[in-house]
Each structure stands twice: as C-alpha cells, then as structure tokens.
Amino acid sequence: FQAALPRCFGLAALALGLATACQESSAPPAAGSQPLGLAIAQTGNASLFGQEQLAGLQIAKAVFERPATGVPIDFRLQDSGSDEASAINAFQTLINVNEVVAIIGPTLSQQAFGADPIAERAGVPVLAASNTAKGIPELGQFIVRLSAPAAVVAPQAIAAARKLNPQAQRVVVVYAQDDAYSRSETEVFQKAVKDAGLNLTLVQRYQVSDSDFQGLISQALQQKPDIIVLSSLAADGGNLVRQLRELGYGGLIVGGNGFNTPNVFPVCQQRCDGIIVAQTYSPNFDSPVNKDFRQRYEAQFGKQPSQFSAQIFSAVQVIAESLNRVNQKQPVVDLPLPERRKALLQAMLTGTYDTPLGRLSFTPGGEVNQEQFYVARIRMKPDGQGDFELLP
Ligand code: 1QQ
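Residues numbered from 1 in each chain as written. Predicted model: local features only at pLDDT ≥ 70, side-chain atom pairs only at ≥ 80, totals over all residues. Heavy atoms only, no water.

Asks: Now, about the site of the ligand: what can you tell me, with residues and values included?
Replies: Not every one of the 13 residues close to the ligand is listed here, only the nearest: Ser109, Ser130, Thr132, Tyr181 and Asn257. Serine 109 is positioned such that a nitrogen or oxygen atom in its side chain is 2.4 Å from an oxygen atom of the ligand. Taking asparagine 257, its side chain carries an N or O atom lying 2.9 Å from an oxygen atom of the ligand. Here the ligand loses 100% of its free accessible area of 280 Å² to cover by the protein chains. Looking at the shell around the ligand residue by residue, the classes come out as 6 nonpolar, 7 polar and no charged. Among the domains, domain 1 (2-148 + 286-370) and domain 2 (152-279) are the pair contributing at least three residues each to the shell around the ligand. (Near = heavy atom within 4 Å. Polar contact = N/O pair within 3.5 Å; in protein donor to acceptor, adjacent residues only side chain to side chain. Areas by Shrake-Rupley, 256 points an atom, 1.4 Å probe, with all protein chains shown as cover. Nonpolar A, V, L, I, M, F, W, Y, C, P; charged D, E, K, R; others polar. Domains from an automatic or database assignment.)

Asks: Please give an account of the domain arrangement of the chain that cites residues and values.
Replies: Under the domain assignment, the chain is made up of domain 1 (2-148 + 286-370) and domain 2 (152-279). The centre of domain 1, based on its C-alpha atoms, is set 30 Å off from the matching centre of domain 2. Taken together, the contact between domain 1 and domain 2 spans 17 residues of the former and 20 residues of the latter. Across the domain 1-domain 2 interface, the total number found is 0 salt bridges. For the pair domain 1 and domain 2, the interface holds 7 residue pairs in polar contact (both at pLDDT 80 or more). Secondary structure elements with two or more residues in the side of domain 1 that touches domain 2: α3 (47-64), α5 (109-122) and α13 (307-329). Residue contributions to the side of domain 1 that touches domain 2 peak at 4 residues, all from α3. Of the residues in the side of domain 1 that touches domain 2, the class split is 7 nonpolar, 7 polar and 3 charged. (Contact = heavy atoms within 4.5 Å. Salt bridge = Lys/Arg side-chain N within 4 Å of Asp/Glu carboxyl O. Helix = DSSP H or I, 4+ residues; strand = E, 2+ residues; numbered from the N terminus.)

Asks: If you had to explain the state of the cysteines to someone new, which residues and values would you point to?
Replies: Applying the stated criterion across every chain, the model contains 1 disulfide. Across a sulfur-sulfur distance of 2.1 Å, cysteine 268 and cysteine 272 are joined as a disulfide pair. Between cysteine 268 and cysteine 272, the S-S torsion sits near 105°, and that sign places the bridge as right-handed. Overall, cysteine 268 belongs to the buried group, its relative accessible area being 1%. (Disulfide = S-S within 2.5 Å. Buried < 20%, exposed > 50% of the residue type's maximum accessible area, 1.4 Å probe, protein only.)

Asks: Provide a residue-level description of the sheet that holds strand β8 (residues 227-231), including the pertinent values.
Replies: Ordered by their spatial adjacency, 7 strands build an open sheet running β7-β6-β8-β9-β10-β14-β15, and the pairing between neighbours is mixed. Because the sheet does not close on itself, it has two edges, and the strands there are β7 (199-206) and β15 (386-390). Taken pair by pair, the neighbouring strands of this sheet meet at an average axis angle of 25°, ignoring direction. Of the strands in this sheet, β6 (170-176), β7, β8 and β9 (252-255) touch helix α8 (residues 180-195), which is tilted by about 170° from β6. (Pairing = 2+ DSSP bridges. Axes fitted to C-alpha atoms, helices over the stretch in contact; angles between N-to-C directions.)

Asks: Give me the lowdown on the sheet that holds strand β2 (residues 73-79), citing residues and values where you can.
Replies: Pairing between the strands of a sheet is mediated by backbone hydrogen bonds and can be parallel or antiparallel. Taken together, 5 strands build an open sheet; the order of strands is β2-β1-β3-β4-β5 and the sheet is parallel. Two strands in the sheet have a free side with no partner beyond their single neighbour: β2 and β5 (143-145). Pairs of neighbouring strands in the sheet enclose a mean axial angle of 25°, with direction left out of account. Pairing analysis gives 2 bridges linking strand β3 (residues 102-104) to strand β4 (residues 126-128), with the strands arranged parallel. For isoleucine 104, the partnering residue across the bridge sits in β4 and is leucine 127. In the packing of α13 onto the sheet, the strands contacted are β1 (34-40), β2, β3 and β4, and the crossing angle to β3 comes to about 165°.

Asks: I'd like to hear about the nonpolar core, residue by residue, with values.
Replies: One finds Leu57, Ile104, Leu127, Ile227, Ile276, Ile319 and Phe362 to be the most contacted residues of the largest nonpolar core, which totals 73 residues. Each of domain 1 (2-148 + 286-370) and domain 2 (152-279) accounts for three or more of the residues forming this core. Look past the residues within four positions of isoleucine 319 in its chain and what remains in contact with it is Leu36, Ala102, Ile104, Leu127, Leu344 and Met348. (Core = buried A, V, L, I, M, F, W, Y, C linked by side-chain atoms within 4.5 Å.)

Rendered as structure tokens:
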C-alpha cells in the first residue's frame, strides 16, 4: 500500500526539468526506511522559493534515499502552498496519513506560525529550513530551525552597504506588513540602521499582493534616500526594485532574505543589478561536503546552488545523521513512532553537522548555531542572466 501512494514531485518539479523524480519515487521505499515529511511551496507566490528548495531536495534524495550505510529515508513531499491554510493541510497529511518521523518546512515564516503548532501538539519534530522570523524555535519544544534568523544575518547587509557608500546617511525602509518574515526582518534592519548612526527617514508598508508601488516610491524618493532597504518576498520585492529604478532611484538597494533566489532575476531583470543581500550560504564555501553538494547540483541543473537549495539539503542531512545516531543505540524500527520522534528530536538538538552551509549545531531551545555568513551583490549580465557576486 505504501508504495502505491503518490510520491511524484509534482508540476513545479517537472517544470524545472526534474523529470526523473517520479520514476525514482515509484520504486518501493528501501527496507527500514523512515518517512520524512517535506512541506514545500509548489504553488502560489512562495513557489519562487519552493522551486529552489525542490532542486536541493533532488540532490538530498540522491544522497540519503538509499545510502550505503545508515537509515534510508522515504521522502514524503506535500505542497504547502503559500498561505497558512495550505501549510496546515500539508502538515496534517504528513502527520496523520504519512506518519512521518519529522517535517522539514514550511517555506514561509508566515506559514510556520500557523502550521508548526500542529506538529508541536502531535509531538512531531519540525526542522525549519527557510524561516527567519523572530520566534520560530519558541513555537514549541519540537520546533528547531536550521535557517539563521534575520537578527544575525540582515545587519551584515547594512554594514556592506555602508562600505560601498561611506557617505550614505539617509535611509528609507520598506516592508510587507502582511508577512511575518518581512515584519520581523524590518525590525532588525531598522535597528541596524540606527545602530550604525544612519538617519532612518521613513518606514513604509505595503501588502505582499501589491504590484503597483508608484505612490510608495514617490513618497520614498521625496526623502532623497542614499539607501533603500526592502524586506520583501520575491515577486513583490522584484517589482519594487524594478519600479524604483524606473522612477529614477539611483542609490543603493539592500534586499532581505526574499532576494536570495535567482527567481527574482526575471522580475526586475537588468534592474536587479546591484541589489545587496546577506546570505547564509556560499557556493564557494571550501569544504569537501560543499564541493560534493555543489558538483552534484551543477551536474543536475547546470548552475550553482542557491541558499534555499543548500538549506534544504542541509536540513535533510541533519535528519539523516540524527536518525543514524538514534539507530546506533537501538534500531529505530524497534521504537514506537512517538518515541522514535522524541529520540530523533533529542539527537537533532545534541549533534553537530558538517553541512554545505558549514558547521551547524543547535541550542537546547532549537535555534541554529551557524558560524559564517556572506554578503552578495546581484550582478545582471546583458543576456538577462544574473549572479550573486560575493562582496569582500
Ligand atoms: C521567511 C523567509 C522567506 C524569505 C523564506 C522564503 O525568510 O519566511 O522566514
């Protein structure tokens, strides 16, 4: 019965050229494999991040589905859509139908605040791979995050902007008021701006679904800003950048975590050029684990992995290695599911992991300890291709 469950990777995966996903998944799971839930946005605006996550997942599947040693993983993917209701549905299916040992996801913090309490009540560990808002690990004992919070990442982009323009003084900050990540990150940016002695002249709000920013931008430009800071998701953020440049803004643009996907490039095209964005991953990170990940990714997709792909891969790695450590003490299959989930959680929280993101560990409260961050500048080429160029 298990093998008959649909485990294809869906339309988003097929659009990415991941045609092999369904063939691979139609094989029955390896003996003793543990069902791992993935709640990833395949539909709606967050699928701009979800596509990158699916790509990272493909590489994780190749490594962890049938490992030479250790516990095999049976990947259970659910579309968590782009809103809270869809994420809650995905979690309920993963918990009640697929009886997963843990869930990686959902894509957005906004969704995590709705869905994570469901897993917490069911005693199912959640590993957040892309939730950066304040308060995610605090949602419960079973909630752990691998995505470094805005509080430690975002200020680095302000520091980089000041280096690029030491004369800069006047800053306008913009954020999506109906998105939890944007609200949380803008607090961090605003504090970083003030701490740097810059002049925060205006704070502006909009809705994620907005696409016409002319009014907002004309008010912003009246402030004669040297730096504009955007806490946005990918589509709204890309549109904001495009319209800022079209309306004549020539100063620096700092983007938040929502700009960490190449899927922004088609939205603002040439006008994406120059956006400054702090990152938790660099494809150039020099370690055997990252080299292997990057090579596999490049062989499959013909481009460098992005942060969201690396975070999903690393999240699967954390679960796989934790399951292995549980399994060394006692075969996981002998543990009843509630105990298996608890043992997995304990193992996750007490391990250290050599991932493509670098060395990771977690606090007892489930917050990630990550050592290294980066700041990149988006560079657009005349042919419309773009790149994240690391700043020194
Ligand atoms: C969050 C984010 C988004 C930009 C992830 C895709 O950081 O929702 O927390």
